[in-house]
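# What the coordinates show
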Amino acid sequence: MSVKNLVSEFVKEAPPYVVGADEQSKSMRPGVTKLLQLATNENPFGTSPKAAEAICQQAPLANRYPDVRAQDLRKKLAEKHGLSVDEVMVTEGATAGLGFIAEVFIQPGDEIILTPPTYPSYYNYVKRCRGKLVEVPLEEDTLTPDFNKVLAAITDKTKAIFLCNPNNPTATLIDSDELHAFQKKLPEHVLLVVDEAYIDFVEDPNYRTMVDAIADDENLIVVRTFSKLYGMAGARMGYLMANREIIEYLQRDSTGFCCSRMGLHAAEAALDDVEFQEMTKKGNREGREILVSCMKELGFRVWPSHTNFIYFDPGVDVKWFADRLLDYGIIIRGNFKANRISIGTPEEDRFVCKAMREIMANR
């Protein structure tokens, strides 16, 4: 039997996953000596120094397996979020955690509600599990969900709802009271998955994460990552939080070792590096102010950002605008209805502003 007959129809038809604007980064334009990667929402300030030190310390022990269940890290995360260790599962990045969720809970024919535009991996996992996609687009003005429409889309076949909050690619934030109220209205057969990859950048101290709603009788999973605030995108560290029963089912589907020895110890160290976390937030805030001020000066439409990236409409073709920035060696996203740009260091953001001004003046 040939490989072609073994693989699923989805694998045959689906294009390979491309991270951000990797394809753009392969083509260096004439005169450009350096590329500025502002398409993948990475931390431009590097990695937590404590995390980097932990990686170096563990590297000589790479011949030894890591803790299968990541007990020390789970304990630390449980304390951070006010949960028990049994309500936390460590995964090889948040995206791997999303894959576990899909594989455990989605059966062929199950309906999965998504609110586009949103994180593309949700689509990939639903299709791989042969689920049926049901889209309830975000409201055009606010780029947040209309929960009345989402509730109306639920049927007896609905298995799960995936929400990204703050949302990628729009950087918008759902009102926490509305989200908590929505969760309480869901039927018992519906699982709510809330991806909070960017929640650390939300500046409202009173904002209520959905972790607060985790309880024994709630069909709720909250997804988190170490890739953004902690600067560990390359280390692939993430985690899921839910009630004990859900975590137990997810653990059964895991392949054994959740992640690398270096990643585990780095994540533990990163949680303690408050200085790096605050520096990242401060730098992100300053960079966002630089970019938003410039964009508004140029007459762009800019949606409120609660993340380390900005969603904006330059008033011209978004792909054309992304290509013009690439002439300067600046890589952003130009494959949505509007452009998305990751916030860089303040110095990088000033360079971006200079390029945007020149592009708009010469168009």
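Residues numbered from 1 in each chain as written. Predicted model: local features only at pLDDT ≥ 70, side-chain atom pairs only at ≥ 80, totals over all residues. Heavy atoms only, no water.

## Details of helix 11 (residues 261-272)
- The first and last C-alpha atoms of helix 11 sit 18 Å apart over 12 residues, in line with the 16 Å expected at 1.5 Å per residue.
- For helix 11, a buried count of 9 out of 12 residues is recorded, marking the element as mostly surrounded by other parts of the structure.
- Of all the residues in helix 11, the buried ones are R261, G263, L264, A266, A267, E268, A269, A270 and L271.
- Buried residues along helix 11 sit in contact with helix 4 (49-58), helix 5 (71-81), strand 2 (88-91) and helix 12 (274-297). (Helix = DSSP H or I, 4+ residues; strand = E, 2+ residues; numbered from the N terminus. Expected span 1.5 Å × (residues − 1). Buried < 20%, exposed > 50% of the residue type's maximum accessible area, 1.4 Å probe, protein only. Contact = heavy atoms within 4.5 Å.)

## Considerations on empty space enclosed by the protein
- If you walk through the whole model with that rule in mind, you get 3 cavities of 30 Å³ or more.
- Forming the walls of the largest cavity are T115, L138, L143, T144, P145, L163, C164, N167, T172, L173 and I174.
- Residues of the lining of the largest cavity, tallied by class, amount to 7 nonpolar, 4 polar and no charged. (1 Å grid on protein atoms, 1.4 Å probe; cavity = no way out; pocket = protein on both sides within 12 Å on 5 of 7 lines; lining within 4 Å. Points joined across faces, edges and corners; volume = space filled by probe spheres on them. Nonpolar A, V, L, I, M, F, W, Y, C, P; charged D, E, K, R; others polar.)

## Observations concerning the packing of helix 13 (residues 318-326) against helix 14 (residues 346-362)
- Two elements in contact, helix 13 and helix 14, have axes separated by 10 Å at closest approach and are oriented at 120 degrees. Between helix 13 and helix 14, the crossing angle belongs to the class labelled oblique. In the crossing of helix 13 with helix 14, the sense of the turn from one axis to the other is right-handed. For the pair helix 13 and helix 14, contact is made by W320, F321, R324 and L325 and by A355, M356, I359 and M360, respectively. (Axes fitted to C-alpha atoms, helices over the stretch in contact; angles between N-to-C directions. Parallel < 35°, antiparallel > 145°, perpendicular 65-115°, else oblique. Left-handed = near helix turned anticlockwise from the far one by under 90°.)

## Describing the sheet that holds strand 10 (residues 309-313)
- Here 3 strands make up an open sheet; going across it, the order is 9-10-12 and the pairing antiparallel. Whereas interior strands pair on both sides, the edge strands pair on one side only; in this sheet they are strand 9 (301-302) and strand 12 (339-342). (Pairing = 2+ DSSP bridges.)

## Describing the side chain of R224
- Tracing the sequence through the fold places R224 in strand 7 (residues 220-225).
- Of the residues examined, R224 reaches a relative accessible area of 6% and is grouped as buried.
- At 2.9 Å, the side chain of R224 forms a polar contact with the side chain of E196.
- At 3.2 Å, the side chain of R224 and the side chain of T209 are in polar contact.
- Filtering out sequence-adjacent residues up to four positions away, R224 remains in contact with H81, A94, E196, I199, D200, T209, V211, G238, Y239 and M241. (Polar contact = N/O pair within 3.5 Å; in protein donor to acceptor, adjacent residues only side chain to side chain.)

## A word on the pairing of strand 5 (residues 158-164)
- Burial analysis of strand 5 places 6 of its 7 residues in the buried class, which makes it a mostly covered element.
- Sheet analysis places strand 5 next to strand 6 (residues 191-195), joined by 5 bridges and oriented parallel. Residue pairing in the sheet places L163 in a bridge with V194 of strand 6.
- Following the backbone out of strand 5, through helix 9 (residues 176-185) and into the adjacent parallel strand 6, one traces a crossover that is right-handed. (Right-handed = clockwise from strand over helix to strand, strands pointing away.)

## Observations concerning the nonpolar core
- L73, I161 and F226 are the most contacted members of the largest nonpolar core, which has 49 residues in total.
- Here the element with the most residues in this core is helix 11; it accounts for 5 residues.
- Those residues in contact with L73 that lie beyond four places of it in its chain are V90, F226, M237, L264, A267, E268 and L271.
- Counting 28 residues, the second largest nonpolar core, distinct from the first, contains A102, I112, Y122 and A160. (Core = buried A, V, L, I, M, F, W, Y, C linked by side-chain atoms within 4.5 Å.)

## A word on the side chain of T91
- Inspection of the secondary structure assignment puts T91 in strand 2.
- Within the local environment of T91, its side chain forms a polar contact with the backbone oxygen of G93, the two atoms lying 2.8 Å apart.
- Those residues in contact with T91 that sit more than four places away from it in its chain are G97, F100, R236, M237, G238, Y239, L240 and C258.

## Examining unusual backbone geometry
- Following P116, the chain continues to P117 via a peptide bond in cis, the omega torsion being 0 degrees.
- Mapped onto the elements, P117 comes out in the loop between strand 3 (111-114) and helix 7 (120-128).
- Located in the positive-phi region is N41, a residue other than glycine, with phi close to 55 degrees.
- Topologically, N41 is positioned in the loop between strand 1 (36-37) and helix 4.

## Regarding the pattern of salt bridges
- With the rule as written, the count across this model stands at 18 salt bridges.
- In this structure, the salt-bridge partner of R350 is E286, at a minimum N-O distance of 3.6 Å. On the criterion of sequence distance, the pair formed by R350 in helix 14 and E286 in helix 12 is long-range, its members being 64 residues apart.
- Members of the salt-bridge network, linked through shared partners, are E87, D216 and R244. (Salt bridge = Lys/Arg side-chain N within 4 Å of Asp/Glu carboxyl O.)

## With respect to the state of the cysteines
- In the structure shown here, the tally under the stated rule is 0 disulfides.
- Take C294: it sits in no disulfide, and the sulfur closest to it among the cysteines is that of C353, at 3.5 Å.
- The class for C294 is buried, based on a relative accessible area of 1%. (Disulfide = S-S within 2.5 Å.)

## Considerations on the packing of helix 5 against helix 11
- The contact between helix 5 and helix 11 brings their axes to 9 Å, and the two run at 25 degrees. In this view, helix 5 runs roughly parallel relative to helix 11, as classed from their interaxial angle. Relative to helix 11, the crossing made by helix 5 is left-handed. The residues of helix 11 that touch helix 5, namely those facing D72, L73, K76, L77 and K80, are L264, A267, E268, L271 and D272.
- Of the residues assigned to the contact of helix 5 with helix 11, the class counts are 5 nonpolar, no polar and 5 charged.

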